[in-house]
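Read off the chains here:
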Amino acid sequence: MSYCNYCANLPSDNVHRVYHDTAYGFPIEDDFELFGRLILEINQAGLSWDTILKKQITFREAYDGFDYYKIANYEHRKIDELLNNSGIIRNRLKVNAAIHNAQKIIELNQEFGSFKNWIECQNAKNLEDWVKIFKKNFKFVGKEIVNEFLMSISVVEGAHESSCEIHHQIIKLKL
């Protein structure tokens, strides 16, 4: 069953239905939101998306609104705080990846002006190209994480079935 079909049968206040109808596959303009989506996708690795969706508010709070300038400067005390926060995924590799990736985005911003611009300037022709680009720059990114991240922000197709009403809304937004 596709995600679109799965969500269509859920109550309107279900976390999956809300995500499907308001966030998944929609373009994101704000760099902090883009980075936040990357953090969520990285933290989903090995876990269910349901777990991440239920913790997304706590992630936002724990990671300072996904402000990568703040995250890039996290020190031991903040890392310990994150590793003791039951409202997020307490995995040292994922926390360290968020810090490293925040630092990398700041570097990329110096050349491209923004994380969004960096993404748009890539000349990736397929998923394998995207994975190479992301692995060259970021930590804890593999094929599935990169694919889901890019689909979730409307860079690559596949977030919604062509018959899904949300798919049609997204197309209208891009025009």
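If you're wondering where the values come from, they're calculated on a predicted model, not measured in any experiment. (Residues numbered from 1 in each chain as written. Predicted model: local features only at pLDDT ≥ 70, side-chain atom pairs only at ≥ 80, totals over all residues. Heavy atoms only, no water.)

J.: Any chance you could explain the side chain of Asn109 here in plain terms?
T.: Note on placement: Asn109 falls in helix α7 (residues 92-112). The exposure class assigned to Asn109 is buried, which follows from its relative accessible area of 10%. Not counting the four nearest positions on each side in its chain, Asn109 is found in contact with Asp31, Tyr68, Tyr69, Ser114 and Phe115. (Helix = DSSP H or I, 4+ residues; strand = E, 2+ residues; numbered from the N terminus. Buried < 20%, exposed > 50% of the residue type's maximum accessible area, 1.4 Å probe, protein only. Contact = heavy atoms within 4.5 Å.)

J.: Mind showing me how you'd approach α7 here?
T.: Each α-helix turn comprises 3.6 residues. Residues three or four places apart therefore point the same way. The end-to-end C-alpha distance of α7, which contains 21 residues, comes to 29 Å, matching closely the 30 Å that a straight helix rising 1.5 Å per residue would cover. Its buried side turned inward, α7 meets α3 (31-44), α5 (68-71), α6 (76-83), α8 (115-121) and α9 (127-137). The first or second residue beyond α7 is Gly113, which carries a positive phi of 90°. (Expected span 1.5 Å × (residues − 1).)

J.: I'm lost on the packing of aromatic side chains in this one. Help?
T.: Note on aromatic pairs: each is described by the distance of the centres and the angle between the planes. For the structure on display, the rule yields 18 aromatic pairs. When the ring of Tyr3 is compared with that of Tyr24, the centres are 5.6 Å apart and the planes differ by 85°; the resulting orientation is edge-to-face. In this pair, Tyr3 sits in helix α1 (residues 3-8) while Tyr24 sits in the loop between α2 (15-22) and α3, placing the two residues 21 residues apart along the sequence. Their ring planes at 70° and their centres at 5.5 Å tell us that Trp118 and Phe134 sit as a pair that is edge-to-face. Here Trp118 is found in helix α8, whereas its partner Phe134 is found in helix α9, with 16 residues between them in sequence. Classification of Phe134 by relative accessible area gives buried; the value is 0%. (Phe/Tyr/Trp six-rings, centres within 6.5 Å; stacked < 30°, edge-to-face > 60°.)

J.: Looking at this structure, how should I read the packing of α3 against α7?
T.: Packed helices, taken two at a time, are described by the angle their axes make and the gap between the axes. Two elements in contact, α3 and α7, have axes separated by 11 Å at closest approach and are oriented at 150°. It follows from the interaxial angle that α3 and α7 lie roughly antiparallel. Viewed along their axes, α3 and α7 form a crossing whose handedness is right-handed. Here Asp31, Phe35, Ile39, Ile42, Asn43 and Gln44 of α3 come into contact with α7, specifically with Lys94, Ala98, Asn101, Ala102, Ile105 and Asn109. Residues that form the contact of α3 with α7 fall into these classes: 6 nonpolar, 4 polar and 2 charged. (Axes fitted to C-alpha atoms, helices over the stretch in contact; angles between N-to-C directions. Parallel < 35°, antiparallel > 145°, perpendicular 65-115°, else oblique. Left-handed = near helix turned anticlockwise from the far one by under 90°. Nonpolar A, V, L, I, M, F, W, Y, C, P; charged D, E, K, R; others polar.)

J.: What is the right way to look at α9 in this model?
T.: Those residues of α9 that fall on the buried side of the exposure criterion are Trp130, Val131, Ile133, Phe134 and Asn137. One side of α9 carries all its buried residues, which in axial view fall inside an arc of 165°. Exposed side chains of α9 directed beyond 90 degrees from the buried face belong to Lys132, Lys135 and Lys136. For α9, the elements touching its buried residues are α3, α7, α8 and α10 (143-152). (Arc of directions from axis to C-beta.)

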